[in-house]
Amino acid sequence: MSSTKYTEYDAYAAEEAASGAAGRSQGGATQGKVFDVNGQDWDQVVAGAEDLGDERLVVNMGPQHPSTHGVLRLILTLDGETVNEARVGIGYLHTGIEKNMEFRTWTQGTTFCTRMDYLAPIFNETAYCLSVEKLLGITEQVPERAQIIRVMMMELNRISSHLVAIATFGLELGATTVMLNGFVEREYTLDLFEEITGLRMNMAYVRPGGVAQDLPSGATSKIRDYLDRMPKRIQAMRKLMDSNPVYLARTQNIAYLDLTGCMALGITGPVLRSTGLPWDLRKSQPYCGYETYDFEVATQDTCDVYGRYLVRMDEMEESLKIVEQCLDRLQSVKGPVMIEDKKIGWPAQLAIGADGMGNSPRHIAHIMGTSMEALIHHFKLVTEGFRVPAGQAYAPIESPRGELGAHVVSDGGTRPYRVHFREPSFVNLQAAPAMAEGGMIADVIAAVASIDPVMGEWTDDIRT
């Protein structure tokens, strides 16, 4: 979709708004027929289209993208194969995560929010924990080693998330080889997550005050092997797509959205950076010590699907650089990975016991054999949780999809009074009509895929 098309779209929207205002000034609610497309209303939509007397085809499209099955409805108005109008129907996924967090302790909240964007769980946990740490006033007390591990895990998670984005995108365009390569490489990343946290997804590894446990023995060497492997594998994936004529025909000058459109819609992440603006919260509003790392913000100036693909490929290469810097720092930075304040920090020196789980033998011996006070404190910390001073805080981070922020509110108790997330997929998806209208129906597939939406981000309150 060209910039001229986008201008026409803007002009059309302005004209419609003006005509609606004129209708209201004449005593009517609006001028023309209004359709509320929100489920179980297909007959009304079709009948309304027929009443207008236009020869047009209104169809439901999808779900096509793997993360949109059952939770996204695209209503397209077609003139032949050209999309005249695209409407996005959302609201079919209600996980109740935000509400459930109000009934759990502050630390237990990580177990819920990690499941929101299930392709980027570490980012969900980190945004939430940074907000809690702001309320506690302990941001500067989080151990340096814990911050390094957080950065390393987030960048590994960025790579795994982008691999899924590119793999599924290739699948949607018929490039099954790209899909197979992307998921194979993602498995190697998930192997590292399992090695470090014990879980491949939804780890609840980042906790208020630090991380759940230090790197296990042998993890560093496995990460080094990963760093040796991945650059060659990324280049192999580039050979499949960067200059592929079929791929270029399906992505170049497709789903155009320039900087003006992104700013108007609040778009962030790779979609925004494909317009040439190097807006990355790791640089503009650094957290977890990102200002001390050497990396470049990947940008393109194409404003199309191909540019968004290139941004993600470049970001994976930059993430590998950051992970390597983290490994170098972890060799020299020793110490705890959880805040020293025992009233806040859960025991983080975990070791696998005979039962396959548990805290370190030294900690167990201390609370069970030598200190009744330590046992009582441990019991209260785990069952009741720590108290957070009354107030509210917001912490944004740069997730694989854009700005992910957690707004937490405390009434001074051991549970959150309110938690709300700024989900980039929810915000970015509103760009789909601007990308799709005026283009071909086949390009809608590429447009939605280039946004890389993950509907699991959407919690409950904004749609109930």
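Throughout this document, residue positions are counted from 1 along each chain, in the order its sequence is written. The predicted origin of the model limits local features to residues at a pLDDT of at least 70 and limits the giving and counting of side-chain atom pairs to 80 or more, whereas totals for whole chains, interfaces and linings rest on all residues. Side-chain measures were taken over the full set of non-hydrogen atoms in the model, leaving aside hydrogen atoms and water.

**Some points on the confidence of the model for the protein**
Right, on to step 1. Of all residues in the protein, 83% have pLDDT values of 70 or greater, and the mean over the chain is 86.
Right, on to step 2. One confidence number per residue, pLDDT, is output by the predictor and ranges from 0 to 100. Contact between two residues is taken to exist if any of their heavy atoms lie within 4.5 Å; hydrogens are not considered. The low-confidence segment residues 1–31, where pLDDT is below 50, has 26 contacts with residues more than four positions distant or belonging to other chains.

**Some thoughts on the pairing of strand β3 (residues 82–89)**
Right, on to step 1. Strands were regarded as paired on the criterion that DSSP finds at least two bridges between them. A run of H or I in DSSP becomes a helix once it reaches four residues, and a run of E becomes a strand once it reaches two; helices and strands are each numbered from the N terminus. Relative to β3, strand β2 (residues 73–79) is paired through 7 bridges, and the arrangement is antiparallel. Paired with Arg73 across the bridge in β3 is Gly89.
Right, on to step 2. Taken together, β2 and the strand that follows it, β3, pair antiparallel across an intervening segment of 2 residues, in which Gly80 is found at a positive phi of about 70°.

**Some thoughts on the nonpolar core**
Right, on to step 1. We define a nonpolar core as any set of buried Ala, Val, Leu, Ile, Met, Phe, Trp, Tyr and Cys residues linked to one another through side-chain atoms lying within 4.5 Å. Relative accessible area decides the class of each residue, using a 1.4 Å probe on protein chains only: under 20% of the type maximum gives buried, over 50% gives exposed, and in between gives partly exposed. Of all hydrophobic cores here, the largest spans 116 residues; its most connected members are Tyr128, Met152, Tyr205 and Phe421.
Right, on to step 2. Apart from residues lying up to four places away in sequence, Phe421 is in contact with Glu98, Met101, Cys113, Met116, Asn124, Tyr128, Leu404, Gly405 and Ala406.

**Overview of helix α13 (residues 305–332)**
Right, on to step 1. How far a helix is expected to stretch is found by multiplying one less than its residue total by 1.5 Å. In a regular helix each residue adds 1.5 Å, so 28 residues correspond to 40 Å; α13 covers 42 Å between its end C-alpha atoms and thus fits that length.
Right, on to step 2. Taken across its 28 residues, α13 has 20 buried, putting it largely inside the fold.

**Here's the deal with the packing of helix α6 (residues 144–172) against α13**
Right, on to step 1. Between α6 and α13, the shortest axis-to-axis distance is 9 Å and the interhelical angle comes to 155°. Considered as vectors, α6 and α13 are oriented roughly antiparallel to each other. Where α6 crosses over α13, the handedness of that crossing is left-handed. To obtain each axis, a line is fitted to C-alpha atoms, and for helices this fit is confined to the stretch in contact; angles are then taken between N-to-C directions over 0 to 180 degrees. The cut-offs work like this: below 35 degrees is roughly parallel, past 145 is roughly antiparallel, 65 to 115 is roughly perpendicular, and the gaps in between are oblique. Here a crossing is taken to be left-handed if its near helix is turned anticlockwise relative to the far helix by less than a right angle, and right-handed if that turn runs clockwise.

**Quick word on the environment of Gly137**
Right, on to step 1. Structurally, Gly137 can be placed in the loop between α5 (121–136) and α6.
Right, on to step 2. Taking relative accessible area as the criterion, Gly137 reaches 52% and is therefore assigned exposed.

**Topic: the packing of helix α14 (residues 361–370) against helix α15 (residues 372–383)**
Relative orientation and spacing of two packed helices are given, respectively, by the angle between their axes and the distance between those axes.
Right, on to step 1. In contact at an axis separation of 6 Å, α14 and α15 are set at 115° when each is read in the N-to-C sense. Taken together, α14 and α15 sit at an angle that is classed as roughly perpendicular. The way α14 lies across α15 gives a crossing that is left-handed. In contact with His363, His366, Ile367, Met368 and Thr370 of α14, α15 contributes Met372, Ala374, Leu375 and His378.

**Examining unusual backbone geometry**
Right, on to step 1. One non-glycine residue, Ala204, lies in positive phi territory at about 50°.
Right, on to step 2. Among the secondary structure elements, Ala204 is positioned in the loop between α7 (176–197) and β4 (206–207).
Right, on to step 3. We note that Cys303 has phi near 60°; this positive angle belongs to a residue other than glycine.
Right, on to step 4. Among the secondary structure elements, Cys303 is positioned in the loop between α12 (281–284) and α13.

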